[in-house]
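# Observations on the three-dimensional arrangement
Chain by chain, the residues:
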Amino acid sequence: MSRLIKALQVQEGFSESEKEIANFLLENYRSIAAMSTRQLAQLTYTSASTIVRFTKRMGFEGYTEFKIRFLTEMMEYANQSREDDSFTNKDTVRILMEKVACMERSAIKETHLHLEPVLVVRAVKEIIEADHVDFYATDDNVHIANLAAVNLSMADKGYTLPLSISQMYLTSSRENKKHIGFIISRTGENRMLIDVARNLRAHGSKFILITSTPDSTLSKLAEVVLPVVTASKLEELWTRVFWIGSQYVIDVIFAALLSRKGFKAVGERERWLRSNFHY
């Protein structure tokens, strides 16, 4: 990090007016290029002379020289921040916005790179051949399962989404080879879901797995493993990264199902819902 950016963040010895200017610059650096001292003064509730004194305090001859150096170093800092997914208490709202946007783009891009088309083809084939899809997920992954279930219903596929452990065990114990299981587990080592998977296998049922760990216990039991990228630390919003990657995988499967069923039929169903139900 450059000395200038660090000084603007730390604000050691700054007056209240100088803190206001520094905070505004860090939060709105993309808007500074065409901004005059008068405009900056108005937006920071200071004066043009205060802006000039501030730039000289930072070691520059005037506002123009300061602005050129600040924008150059701020863009470099922003690019470096996007490469580092960790969030810190030094990040401005603008930097956080860019980090989150970068994180979401990276989650989709990396999942896309790891998701082989043959895996999607196999998963779609299993879903089409099944009469019913049984989803199994715990904690926050239930929301991902619910999204997938809604998508399947639009593609004329029935589903079950048991929410309690006892319901999961009972559902996985049914001997019905026309059902396909769909398990979502970031680690692939959830003990309850491993029991469910073994139960499915014991009763002759297959299941598709969305996970970030292709060599996990669940992966070894699954018929098809759909890999999703994840992060390793809370500071990298690891669960959100998995959600975003999982949603991308589900959207790909949904698109593949619709391409086989026909988008026109699904569109007609959506229009029927809108004309008969107000939501």
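One can find the structure itself at the top, above this paragraph.
Residues numbered from 1 in each chain as written. Predicted model: local features only at pLDDT ≥ 70, side-chain atom pairs only at ≥ 80, totals over all residues. Heavy atoms only, no water.

### Some thoughts on the overall build of the chain
For clarity, the threshold we go by: A run of DSSP states H or I qualifies as a helix once it reaches four residues; a run of E qualifies as a strand once it reaches two. Both are numbered from the N-terminal end. For the exposure calls, accessible area comes from a 1.4 Å probe over protein chains only, and a residue counts as buried if that area is under 20% of its type's maximum, exposed if over 50%, partly exposed in between. In this description, contact between two residues means that some pair of their heavy atoms is separated by no more than 4.5 Å. Computed with the Shrake-Rupley method and a 1.4 Å probe, the accessible areas treat only the protein chains shown as cover for residues.
Helix and strand counts for the chain stand at 13 helices and five strands. A total of 279 residues make up the chain; the buried ones form 46% of that total. For the chain, the proportion of contacts with a sequence separation of at least 24, taken over those separated by at least 6, is 67%. Accessible area for the chain stands at about 15,200 Å²; split by element, carbon and sulfur atoms hold 52% of it.

### Some details on helix H10 (residues 191–202)
Threshold: Working rule for helices: expected span equals 1.5 Å times residues minus one. In protein, a polar contact means a hydrogen-donor-capable atom and an acceptor-capable atom, both N or O and within 3.5 Å, with residues adjacent in sequence counting only if both atoms are side-chain atoms; elsewhere, any N or O pair within 3.5 Å suffices.
Taking 1.5 Å of rise per residue, twelve residues should cover 16 Å, and H10 covers 16 Å from first to last C-alpha, within 8% of that figure. Those residues of H10 that sit buried are Leu193, Ile194, Val196, Ala197, Asn199 and Leu200. In this structure asparagine 190 caps H10, since a side-chain oxygen of it lies 3.0 Å from the backbone nitrogen of methionine 192. Trailing H10 by a residue or two, glycine 204 shows a phi angle of about 75°, which is positive.

### So, the packing of helix H9 (residues 165–172) against H10
A pair of packed helices is captured by two measures, namely the crossing angle of their axes and the spacing between those axes. Note the threshold: To get an axis, a line is fitted to the C-alpha atoms, and for a helix only the part in contact is used. The angle between two axes follows their N-to-C directions and goes from 0 to 180 degrees. Here roughly perpendicular refers to angles of 65 to 115 degrees, roughly parallel to angles under 35, roughly antiparallel to angles over 145, and oblique to all remaining angles. By convention the crossing between two helices is left-handed if the near helix lies anticlockwise of the far one by an angle smaller than a right angle, and right-handed if it lies clockwise. Throughout, the ten residues Ala, Val, Leu, Ile, Met, Phe, Trp, Tyr, Cys and Pro are labelled nonpolar, Asp, Glu, Lys and Arg are labelled charged, and all others, Gly among them, are labelled polar.
Contact geometry of H9 with H10 gives a least axis separation of 8 Å together with a crossing angle of 15°. The pairing of H9 with H10 is recorded here as roughly parallel in orientation. Our pair here, H9 against H10, has a crossing hand that is right-handed. In this structure, H9 uses Ile165, Met168, Tyr169 and Ser172 to contact H10, whose residues at the interface are Met192, Leu193, Asp195, Val196, Asn199 and Leu200. Here the contact of H9 with H10 is composed, by residue class, of seven nonpolar, two polar and one charged.

### Some thoughts on the side chain of asparagine 141
Locating asparagine 141 in the fold gives a position in helix H8 (residues 141–154). With near-sequence residues (within four places) excluded, asparagine 141 lies in contact with Ile184, Ser185, Arg186, Phe242 and Trp243.

### Regarding the side chain of serine 172
Mapping serine 172 onto the fold places it in helix H9. Take serine 172: its relative accessible area is 0%, and that puts it in the buried class. Polar contacts involving the side chain of serine 172 include one to the side chain of asparagine 199, which spans 3.0 Å.

### Points about the sheet that holds strand E1 (residues 132–136)
Where we set the bar: For two strands to be treated as a pair, DSSP must find at least two bridges joining them.
Taken together, five strands build an open sheet; the order of strands is E2-E1-E3-E4-E5 and the sheet is parallel. Unpaired on one side and paired on the other, strand E2 (158–160) and strand E5 (224–227) mark the two borders of the sheet. Taking the axes of each pair of neighbouring strands and ignoring which way they run, one obtains an average angle of 20° across the sheet. As defined by bridge partners, E1 adjoins E2 across three bridges and the pair is classed as parallel. What sits directly across from histidine 132, in E2, is glycine 158.

### With respect to the pairing of strand E3 (residues 179–184)
This is how it is decided: Place the viewer so that the strands point away; then a crossover is right-handed whenever the path from the first strand over the helix to the second strand goes clockwise.
Most of E3 sits out of view: six of its six residues are buried. Every second residue of E3 is oriented toward a common face, with His179, Gly181 and Ile183 on one face and Ile180, Phe182 and Ile184 on the other, all of them buried. As defined by bridge partners, E1 adjoins E3 across five bridges and the pair is classed as parallel. In the strand pairing of E3, tyrosine 136 is matched with isoleucine 183. Examined bridge by bridge, E3 and strand E4 (residues 206–211) share five bridges and lie parallel to one another. What sits directly across from isoleucine 183, in E4, is leucine 209. On the question of chirality, the crossover connecting E3 to the parallel E4 by way of H10 is right-handed.

### Section: the nonpolar core
Convention followed: Within this scheme, the nonpolar core is defined by two criteria: the residues are buried Ala, Val, Leu, Ile, Met, Phe, Trp, Tyr or Cys, and they are joined through side-chain atoms within 4.5 Å.
Membership of the largest hydrophobic core comes to 35 residues, with the highest contact counts inside it found for Phe135, Phe182, Ile210 and Leu226. Contributing elements (two or more residues each) for this core: helix H7 (117–129), E1, H8, E3, E4, E5 and helix H12 (238–261). Look past the residues within four positions of phenylalanine 182 in its chain and what remains in contact with it is Ile127, Val133, Asp134, Phe135, Tyr136, Phe207, Ile208, Ile210 and Ile253. In terms of nonpolar packing, the next biggest core, distinct from the first, is built from 25 residues, Ala22, Leu40, Phe54 and Phe60 among them.

### Some words on the packing of helix H2 (residues 16–27) against helix H4 (residues 48–57)
Put simply, H2 and H4 touch, their axes get as near as 11 Å, and they point 80° apart. When the interaxial angle is binned, H2 and H4 end up roughly perpendicular. Counting all contacts with H2, which are made through Ser17, Glu18, Ile21, Ala22 and Leu25, the residues of H4 involved are Thr50, Ile51, Phe54 and Arg57. When its residues are assigned to classes, the contact of H2 with H4 shows five nonpolar, two polar and two charged.

### Section: the packing of aromatic side chains
To keep it simple, the criterion reads: Within 6.5 Å between ring centres, the rings of Phe, Tyr and Trp (the latter by its six-membered ring) count as paired, and their orientation is classed by plane angle as stacked under 30 degrees, edge-to-face over 60, tilted in between.
Under the definition given, this model contains six aromatic pairs. Residues phenylalanine 54 and phenylalanine 66 carry aromatic rings whose centres are separated by 6.0 Å and whose planes lie at 80° to one another, so their mutual orientation is edge-to-face. Linking phenylalanine 54 in helix H4 with phenylalanine 66 in helix H5 (residues 63–83), this pair joins segments that are twelve residues apart in sequence. For the pair phenylalanine 54 and phenylalanine 66, a shared accessibility class is recorded, and that class is buried. Clustering of aromatic rings is evident, with ring pairs tying together Phe14, Phe54, Phe60, Phe66 and Phe70.

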